[in-house]
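Examination of the molecular architecture
Okay, here's what each chain looks like letter by letter:
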Amino acid sequence: MKTIPDQIADIKEKLPDLTSTPPALRAQVSSHDLKARLDWGEPGLTIIDARDFESFNKSRITGAVPMPIDELVERAKSSLETVRDIYIYGETDAQTAEAANLLRAAGFRKVAELKGGIPAWKAIDGPIDGAVEHGNPGPDAYNVFARLEHHAKTQKTHK
């Protein structure tokens, strides 16, 4: 007679594997591929922006990490596992390929080049962050007094 743990193990072997898996990582991917991976629900990936900090601050893929190409390998080695799924983009496809090759040469095994970068991501309405995307709030944005004063004037006008 089998023990209860043995019976449970037998039953588990007979059950189908219903665990979903993310889309496969390829060396070069489209914006649609990245979006499908993010929509999968448990991405377990890192998106790296290899452009300079100024470009990153203006516009970036939501959730991307800034690692300018001249600091890329040292930053990646200090913060990422070499088996981590990495999606990388730069200013151009050539810069993206160069950054991906630097990571691969440094021992990172799962690196995907995002073809088309920010323009391709915007074309599929992928989520974007940055100063250009959300506009400059202006000098009085955090001046509570000025905002209350403006609000009081507007209320008087509408009465």
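This is a predicted model, so every value here is computed, not measured.

What about the side chain of T46?
Mapped onto the fold, T46 is located in strand β2 (residues 45-49). Those residues in contact with T46 that lie beyond four places of it in its chain are V65, L80, R84, D85, I86 and Y87.

A word on the nonpolar core
Within the largest apolar cluster, 15 residues are counted, with the highest numbers of intra-cluster contacts made by L34, I47, I61, Y87 and Y89. Core analysis: the next-biggest nonpolar cluster, separate from the first, contains 13 residues, A50, L72, A100 and F108 among them.

Points about the pattern of salt bridges
Under the criterion given, the structure shown has 10 salt bridges. The salt bridge involving D49 is made with R51; its shortest N-O contact spans 2.7 Å. Judged on exposure class, the residue D49 and its partner R51 are both buried. Its salt-bridge partner being K58, residue E54 comes within 3.4 Å of it at the nearest N-O pair.

Description of the packing of aromatic side chains
Using the criterion set out here, one finds 0 aromatic pairs in the structure. The ring of F56 is capped by R60, whose NZ or CZ atom sits 4.5 Å from the centre of that ring.

Notes on the pairing of β2
Of all 5 residues that make up β2, 5 are buried, and the element is covered over most of its length. Of the two faces of β2, the one lined by L45, I47 and D49 and the one lined by T46 and I48 are each fully buried. Bridge count for β2 against strand β5 (residues 85-89) is 5 bridges, and the pairing is parallel. Looking at the pairing, I48 lines up with I88 of β5. As defined by bridge partners, β2 adjoins strand β4 (residues 65-66) across 2 bridges and the pair is classed as parallel. By the bridge assignment for β4, I48 is matched with V65.

Conventions adopted
Starting from 1, residues in each chain are numbered consecutively following that chain's sequence as written. The predicted origin of the model limits local features to residues at a pLDDT of at least 70 and limits the giving and counting of side-chain atom pairs to 80 or more, whereas totals for whole chains, interfaces and linings rest on all residues. To obtain the side-chain values, all non-hydrogen atoms of the structure were used and water was disregarded. Only DSSP runs of H or I reaching four residues or more are called helices, and only runs of E reaching two or more are called strands; each is numbered from the N terminus. What makes two residues a contact is simply this: any of their non-hydrogen atoms within 4.5 Å. Note on terminology: a nonpolar core comprises buried Ala, Val, Leu, Ile, Met, Phe, Trp, Tyr and Cys residues joined through side-chain atoms within 4.5 Å. Note on exposure labels: buried denotes an accessible area under 20% of the residue type's maximum, exposed denotes more than 50%, and partly exposed covers the range between, all computed with a 1.4 Å probe on protein chains only. The working definition used for a salt bridge is a side-chain nitrogen of Lys or Arg within 4 Å of a carboxyl oxygen of Asp or Glu. Here a Phe, Tyr or Trp ring, Trp counted by its six-membered ring, pairs with any other such ring whose centre lies within 6.5 Å, and the pair is stacked when the planes are under 30 degrees apart, edge-to-face when over 60, and tilted otherwise. We call a charge positioned above a ring when the Lys NZ or Arg CZ atom is no farther than 6 Å from the ring centre and deviates by at most 35 degrees from the ring normal. When DSSP finds at least two bridges between two strands, those strands are taken to pair.

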